[in-house]
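Residues per chain, in single letters:
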Amino acid sequence: MSQAQSQVHGRNIRSFRKGPHHVIIARGDKVRSFAIRPRSLIIGALLAILVVSGIISGGAYSFLKDDLVISSVAEQSRIRQDYELRIADLYRQMDAVVSRQLVEREALSGQVAELIERQGQLVERQRLLTGLASDALAAGIDVLPMLAPLPLANPLRENPPETNGIGGPLDPTVTGAVDPDKNVGIPQLDSLAIIVHTADWVEENQRDALATLAEAITERTGQLASALRSLGYAGATPGIGGPLVPAVGDADFEDVSTELAEFARMREFALSLPLARPLPRLDVSSGYGRRVDPFLGQSAMHTGVDLRAASGTIVHATAPGTVIAAGVSGGYGKMVEIDHGSGIVTAYAHLSSISVRVGQAIGAGNSVGRVGSTGRSTGPHLHYEIRKDDRSIDPMAHLLTGREIVGLL
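Residues numbered from 1 in each chain as written. Predicted model: local features only at pLDDT ≥ 70, side-chain atom pairs only at ≥ 80, totals over all residues. Heavy atoms only, no water.

**Points about the overall build of the chain**
So, step 1. Counting secondary structure elements, the chain contains 6 helices and 14 strands.
So, step 2. Taking all 409 residues of the chain together, the buried fraction comes to 30%.
So, step 3. Residue pairs at least 24 apart in sequence account for 64% of intrachain contacts in the chain once pairs closer than 6 positions are excluded.
So, step 4. Total accessible area computed for the chain in this model is approximately 25400 Å², and 56% of it derives from carbon and sulfur atoms. (Helix = DSSP H or I, 4+ residues; strand = E, 2+ residues; numbered from the N terminus. Buried < 20%, exposed > 50% of the residue type's maximum accessible area, 1.4 Å probe, protein only. Contact = heavy atoms within 4.5 Å. Areas by Shrake-Rupley, 256 points an atom, 1.4 Å probe, with all protein chains shown as cover.)

Here it is, written out as structure tokens:
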């Protein structure tokens, strides 16, 4: 632009700013004229600009509003989804915890049920063991220590076994006491582990007691059977082969009970045998078997043994039984016969007096009379006989083995 044009343009602008401007509006025959001052025009222009800006801003807001709403809704949806996912995860965690608790509760219930059943078995075994011990005591086997209750007060002191996977191994140093000098409590042991350990400990004690009882019964049975066989009573020995080797279980109690019953049967039979001594001393003047008859001087069978004793010495029954004869019997002089059952009879001859009567029940050690010299006798002594199934046997075997057998009864 030239300088002249610039000057003209500048004058026009200044002229526009200074004077009013006229606006003429013609409409048909009507003509209107308005005078507009520059300030009013500027204000109007500004207002127009503001209106246009407002319209544009409103349109832009309306246009952007939907995007903002959509974006806000999307954000809220994302937040809601995240929240729902977290809630769902929490529900899954809760379900897992509840399921685990249910499984643990079922497992615990199963373990408790097993322990209750096992406790019942232990109680029953203890009852059987106590019954066997009582029967053994009644049969002459001293088992009083086995009848004492098991010391259950402190089962953790000696050799604690493994706990079968319940609660881990037990600490043998835990004794159930708190050190007063230290403010430290007892380590918390699993209750089920302690109960299982105690049950194991009780069962082990029962097993040991049963084994000890079985061993004592077996040993005593074998000794008694051997002694009875040596006297010719093979039929009284038990028909079993080999020693009893006990294990754990109810069948073992039955085995021991059977063994004990057999021992009791043999013991009862042995108690009926003439095993005691008729006199305090065994001073034999003439034995059993063939000898020279003191009156005839010829060989004769001596069916008993002659035991020296002072006249008037008390003569004792050698076994319990029933008196079947009491009086004078030919060359036997005054004689007493006692039936002991099982075909066994004892005879006490050459007595000076008789203190029993026929039919009288008599016990071992009871007096039957006094030593004398009645009948075919050369001096005071006791003629003692044992008959088995109406046949005489040597009494010395019973007299010499008697004390051994009585010691086993």
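**Things to note about the packing of aromatic side chains**
So, step 1. Scanning all chains against the criterion turns up 2 aromatic pairs.
So, step 2. Geometrically, the ring pair formed by Tyr233 and Phe269 is edge-to-face, given 5.3 Å between the ring centres and 75° between the ring planes. Pair noted here: Tyr233 is in the loop between helix H4 (191–230) and helix H5 (250–271) and Phe269 is in helix H5, with a separation of 36 residues, a long-range link.
So, step 3. Taking relative accessible area as the criterion, Tyr233 reaches 4% and is therefore assigned buried.
So, step 4. With 5.5 Å between their ring centres and 40° between their planes, Tyr348 and Tyr384 make a pair best called tilted. Placement of the pair is Tyr348 in strand E10 (residues 344–354) and Tyr384 in strand E13 (residues 381–388), with a sequence separation of 36 residues. We note that Tyr348, like Tyr384, is buried. (Phe/Tyr/Trp six-rings, centres within 6.5 Å; stacked < 30°, edge-to-face > 60°.)

**Details of the side chain of Ser272**
So, step 1. Along the chain, Ser272 falls in the loop between H5 and strand E3 (284–286).
So, step 2. For Ser272, the side chain forms a polar contact with the main-chain oxygen of Phe269, separated by 2.5 Å.
So, step 3. In this structure, Ser272 is in contact with Ala319 and His340, ignoring residues within four places of it in sequence. (Polar contact = N/O pair within 3.5 Å; in protein donor to acceptor, adjacent residues only side chain to side chain.)

**Examining helix H6 (residues 395–408)**
So, step 1. Compared with the 20 Å implied by 1.5 Å per residue over 14 residues, the 20 Å span of H6 between its first and last C-alpha is a close match.
So, step 2. If you look at H6, its biggest bend is around 45°, right at Gly402.
So, step 3. For H6, the set of buried residues is Pro395, Met396, His398, Leu399, Thr401, Gly402, Ile405 and Leu408.
So, step 4. Sitting at the amino-terminal end of H6 is Asp394, which places a side-chain oxygen 3.1 Å from the backbone nitrogen of Met396. (Expected span 1.5 Å × (residues − 1). Bend = angle between axes of the 7 residues up to and from the residue.)

**Considerations on the pattern of salt bridges**
So, step 1. For the structure shown, the criterion picks out 6 salt bridges.
So, step 2. Ionic pairing is found between Asp89 and Arg92, a salt bridge with its closest N-O pair at 3.4 Å. Separated by 3 residues within a single helix, Asp89 and Arg92 lie in helix H2 (residues 38–138), roughly one turn from each other.
So, step 3. Accessibility expressed as a relative area gives 30% for Asp89, which makes it partly exposed.
So, step 4. Between Asp283 and Arg308 there is a salt bridge, with the nearest N and O atoms lying 3.0 Å from each other. Of the two residues, Asp283 sits in the loop between H5 and E3 while Arg308 sits in strand E6 (residues 305–308), which places them 25 residues apart along the sequence.
So, step 5. Beyond isolated ion pairs, a larger network of salt bridges with shared partners links Glu337, Glu385 and Arg387. (Salt bridge = Lys/Arg side-chain N within 4 Å of Asp/Glu carboxyl O.)

**Things to note about the nonpolar core**
So, step 1. Ranked by internal contacts, the top residues of the largest apolar core, which has 49 residues, are Leu224, Leu228, Tyr348 and Ile405.
So, step 2. Counting residues per element, this core draws most heavily on H4, which supplies 9 residues.
So, step 3. With sequence-adjacent residues up to four places away left out, Leu224 is seen in contact with Phe263, Met266, Arg267, Ala270, Ile405, Leu408 and Leu409. (Core = buried A, V, L, I, M, F, W, Y, C linked by side-chain atoms within 4.5 Å.)

**Concerning the pairing of E10**
So, step 1. The element E10 is largely enclosed, with a buried count of 8 among its 11 residues.
So, step 2. Note that strand E9 (residues 334–341) and E10 share 6 bridges and pair antiparallel. Within E10, the residue paired with Lys334 across the bridge is Leu351.
So, step 3. Counting the residues in the hairpin turn of E9 and E10 gives 2 residues, including Ser342, whose phi is positive at 55°. (Pairing = 2+ DSSP bridges.)

**Some points on the confidence of the model for the chain**
So, step 1. Considering every residue of the chain, the mean pLDDT works out to 75; 70% of them sit at 70 or more.
So, step 2. In the model, residues 149–189 has pLDDT below 50 throughout and makes 50 contacts with residues more than four positions away in sequence or in other chains.
So, step 3. Note that pLDDT drops below 50 for residues 238–250; the model gives that stretch 22 contacts with residues more than four away or on any other chain. (pLDDT = per-residue confidence, 0-100.)

**Let's talk about a nonpolar patch on the surface**
So, step 1. A contiguous nonpolar surface patch, about 290 Å² in accessible area, is contributed by Ile42, Leu46 and Ile49.
So, step 2. A relative accessible area of 49% means that Ile42 is categorised as partly exposed. (Patch = residues over 30% accessible without salt bridge, like charges linked within 9 Å, V, L, I, M, F, W, Y side chains within 5 Å.)

**Concerning the environment of Thr303**
So, step 1. Mapped onto the elements of the fold, Thr303 is located in the loop between strand E5 (299–302) and E6.
So, step 2. In this structure the C-alpha to C-alpha distance between Thr303 and Ser392, which are 89 residues apart in sequence, comes to 5.9 Å.
So, step 3. When residues no more than four places from it in sequence are discounted, the contact partners of Thr303 are Tyr288, Tyr332, His383, Glu385 and Ser392.

**Here we look at unusual backbone geometry**
So, step 1. The backbone of Asp389 sits at a positive phi, close to 55°, despite the residue not being glycine.
So, step 2. Relative to the elements of secondary structure, Asp389 occurs in the loop between E13 and strand E14 (391–393).
So, step 3. Assessed through its relative accessible area of 53%, Asp389 is described here as exposed.
So, step 4. Positive phi, normally seen in glycine, also occurs at Asp390, with a value near 65°.
So, step 5. Tracing the sequence through the fold places Asp390 in the loop between E13 and E14.
So, step 6. Judged by its relative accessible area of 75%, Asp390 is exposed.

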